[in-house]
Amino acid sequence: MTDSPKPNAAQIASPSYRLAALDQDFLLSETTRGIRFLLEYEKADQMLKRAHIASTIVVFGSARIREDGPGKQAHWYAEARRFGRIASERGGALCEEGGTRYNVIATGGGPGAMEAANRGAREAGAPSIGFNITLPHEQEPNSYSTPELTFAFHYFAMRKMHLAMRANALVVFPGGFGTMDELFELLTLRQTRKASHVPIVLIDEAYWRTVINFEKFIEYGMIDAADLTLFRFADTAEAAWEALLEQGLGAAHDTDADEDLARDM
C-alpha cells in the first residue's frame, strides 16, 4: 500500500518554497551577485577577526617560480621563504594563544613565491594567510598557509580588498600579469592616499628595471617624480625587512595613529 501524495505536494516541491538561504539557484543567480560579494567579504573578515589578526604583510610574486627552477628562480624562492620567516619572527605574528597578531604574512595562496612566503612563516611557527582565487584551470592552495586561514574567492575584487585592507606593507617578488596587477593596485592606493602609510618593496631591482621603465612615466608626464618614492628596491629578504622599517612599517594600522591617518584609511 502506497501513501497517497499530500494535497500540497506541488506547493512544497516548488522552487519558490525553498528557504532562500538554502536555494542555490537563487543564491547563484545574476540578481544576487551583490549578496555573494557581501558573503565573500563577511566570511573572511569574521574568521580573521576571530584569529585576532590586526594587520598583515602581503607578499606577491609569480606562481611559476620553483624552488629548483632555472635562472634566478631558486634564489627568488629562497628569499621569499626567508622573508616569510623574518617577518613572522620580528613583526608580531608570534604571540601567546588569544593574543593580537600583527604583520601576519598574507599571500595569494598559490604556488611559487606565494608558497615560499607561507612556508617561511610556518617554519617560524607563525600563522599565515592564503587568499586563493578560483580559476578555470583550478589553482589549489599551497600546503603551507594555515588551513584555518586559507580562503577561496570567486571575485578578484573582493580578494583584492581583503589583501589591501589589513596590509601594513607589500613585498613584491618578480612576476607576470597577476603580480603587476596587484603591484599597481597598491601603488595607486598609495598615490591617491587611500593607503598612504603602506610601504612597498620590490625584490630584485635588476628584474624590475628590465621589465618596467619607471622613468618613462615621468618623461611622458604620466606621474610626478615624487611618485617613484612610493616604493623601494631590495635584493634580499633582510634588505627588504630593513626597507620596510625605514619606511615606517606599522603606521597603516597603528592603533595610536592620529585622526588624519584614520581618515586616510
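Residues numbered from 1 in each chain as written. Predicted model: local features only at pLDDT ≥ 70, side-chain atom pairs only at ≥ 80, totals over all residues. Heavy atoms only, no water.

Peer 1: I'd like a rundown of the nonpolar core, residues and numbers included.
Peer 2: Residues Ile129, Phe131, Phe151, Ile200, Leu202 and Trp208 are the most contacted members of the largest nonpolar core, which totals 37 residues. Core analysis: the second largest hydrophobic core is formed by 26 residues, Ile57, Val59, Tyr77 and Leu249 among them. (Core = buried A, V, L, I, M, F, W, Y, C linked by side-chain atoms within 4.5 Å. Buried < 20%, exposed > 50% of the residue type's maximum accessible area, 1.4 Å probe, protein only.)

Peer 1: Any details on the sheet that holds strand 2 (residues 104-107)? Residues and values, ideally.
Peer 2: Spatially, seven strands are ordered 4-3-2-1-5-6-7 in an open sheet, and the strand pairing comes out parallel. Where the open sheet ends on each side, the last strands, each with one partner, are strand 4 (150-153) and strand 7 (232-234). Sheet twist, expressed as the mean angle between neighbouring strand axes with direction ignored, is 25°. As paired strands, strand 6 (residues 200-203) and strand 7 are joined by three bridges and run parallel to one another. Opposite Ile203, over in strand 7, you have Ala234 as the bridge partner. Along the sheet, helix 3 (residues 33-50) makes contact with strand 3 (129-133) and strand 4, crossing strand 4 at roughly 175°. (Pairing = 2+ DSSP bridges. Helix = DSSP H or I, 4+ residues; strand = E, 2+ residues; numbered from the N terminus. Axes fitted to C-alpha atoms, helices over the stretch in contact; angles between N-to-C directions. Contact = heavy atoms within 4.5 Å.)

Peer 1: Any chance you could break down the pairing of strand 5 (residues 167-172) for me, citing the residues and the numbers?
Peer 2: Judged by how many residues are buried, strand 5 sits mostly within the fold: six of six residues are covered. Of the pairings in the sheet, the one linking strand 1 (residues 56-60) to strand 5 comprises five bridges and is parallel in character. Each residue of the ladder has a partner; that of Phe60, found in strand 5, is Val172. Summarising the sheet, strand 5 and strand 6 pair through three bridges and their orientation is parallel.

Peer 1: Outline the environment of Arg36, listing residues and values.
Peer 2: Secondary-structure assignment places Arg36 in helix 3. Along the backbone, Arg36 and Ile129 are 93 residues apart, and their C-alpha atoms lie at a distance of 21 Å. The residues touching Arg36, leaving out its near neighbours within four places in the chain, are Leu27, Leu28, Ser29 and Tyr155. Here the side chain of Arg36 touches Ser29 through a polar contact of 2.7 Å, landing on its backbone oxygen. In this structure the side chain of Arg36 is engaged in a polar contact, spanning 3.1 Å, whose partner is the side chain of Tyr155. (Polar contact = N/O pair within 3.5 Å; in protein donor to acceptor, adjacent residues only side chain to side chain.)

Interpretation in functional terms is not warranted from these geometric data alone.
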